[in-house]
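# A look at the structure
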Amino acid sequence: MRVYVPLTLSGLAAAHGAGEVGPGPLTAYAVTPGLREWYVSDDIEELEYAALSRAAAASLRMIAGDPGAARRRVVVAVDVPEGAAVADPDQGLSAASLGEVRIAAPLPLAKAAAVHVDADEAEEDVAAAAAALGAADLGDDDARFTVDGAEDHELLWFGVQEIPQLIG
């Protein structure tokens, strides 16, 4: 099963140094039954993209909570054994937790399939989105528009061997 773990660039640097994403428990995103039902698609690529997008939104929340973090969203795609990622059945179809899974143990970075990171030109929009996130959560339509501006940027794909260049 592929999971998408939200991070920041400093979190990616720490994971690279440790050789693992952790410690556990970790919150990640995956194609869960709830996400399948919400998205109403049988196309696994579309469903995985939806899970990746959920992780990118969680990365934005991490950035908003850390004023010192670089303003670029980071998601690490990791393949885990079946059963390692568990969806909380109590969450049901809560929009806030669609696709969310828990992973008990750290994830070896060697198991990562890819790293997804915003391009440099997304930094301004990501910074604005991080600053507007609180107001957007409270229902401010202008702030929501600003947050959506970050979502307009596609995360770029990088191989795990490229992490040193990303964090350097």
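To start, this report covers the structure provided alongside it. These numbers were taken from a predicted model, which means no experiment stands behind them.

Conventions adopted
Residues numbered from 1 in each chain as written. Predicted model: local features only at pLDDT ≥ 70, side-chain atom pairs only at ≥ 80, totals over all residues. Heavy atoms only, no water. Helix = DSSP H or I, 4+ residues; strand = E, 2+ residues; numbered from the N terminus. Expected span 1.5 Å × (residues − 1). Buried < 20%, exposed > 50% of the residue type's maximum accessible area, 1.4 Å probe, protein only. Polar contact = N/O pair within 3.5 Å; in protein donor to acceptor, adjacent residues only side chain to side chain. Core = buried A, V, L, I, M, F, W, Y, C linked by side-chain atoms within 4.5 Å. Contact = heavy atoms within 4.5 Å. Axes fitted to C-alpha atoms, helices over the stretch in contact; angles between N-to-C directions. Parallel < 35°, antiparallel > 145°, perpendicular 65-115°, else oblique. Nonpolar A, V, L, I, M, F, W, Y, C, P; charged D, E, K, R; others polar.

## Remarks on helix H3 (residues 44-64)
Given a rise of 1.5 Å per residue, 21 residues ought to cover 30 Å, and the 30 Å separating the end C-alpha atoms of H3 matches this to within 8%. Of the positions making up H3, those classed as buried are Leu47, Ala50, Ala51, Leu52, Ala55, Ala56, Ala58, Ser59, Leu60 and Ile63. Backbone nitrogen of Glu45 and a side-chain oxygen of the N-cap are separated by 2.9 Å at the start of H3; the cap is Asp43.

## Digging into the nonpolar core
Core analysis: the largest hydrophobic core is formed by 25 residues, its most contacted members being Val3, Leu12, Val21, Val76, Leu107 and Val115. Secondary structure elements with two or more residues in this core: strand E1 (2-7), helix H1 (9-18), strand E3 (26-29), strand E4 (74-79), strand E6 (100-103), strand E8 (112-117) and helix H6 (163-167). What Val76 contacts, discounting residues up to four positions off in sequence, is Val3, Tyr4, Val5, Leu7, Leu12, Leu109, Ala112, Ala114 and Val115.

## Regarding the packing of H3 against helix H4 (residues 123-137)
Running from amino to carboxyl end, H3 crosses H4 at an angle of 90 degrees, the nearest separation of the two axes being 9 Å. Judged by the angle between their axes, H3 and H4 are roughly perpendicular. Across the interface between the two elements, Leu60, Arg61, Ile63 and Ala64 from H3 touch Val126, Ala129, Ala130, Leu133 and Asp137 from H4. Grouping the amino acids of the contact of H3 with H4 by side-chain chemistry returns seven nonpolar, no polar and two charged.

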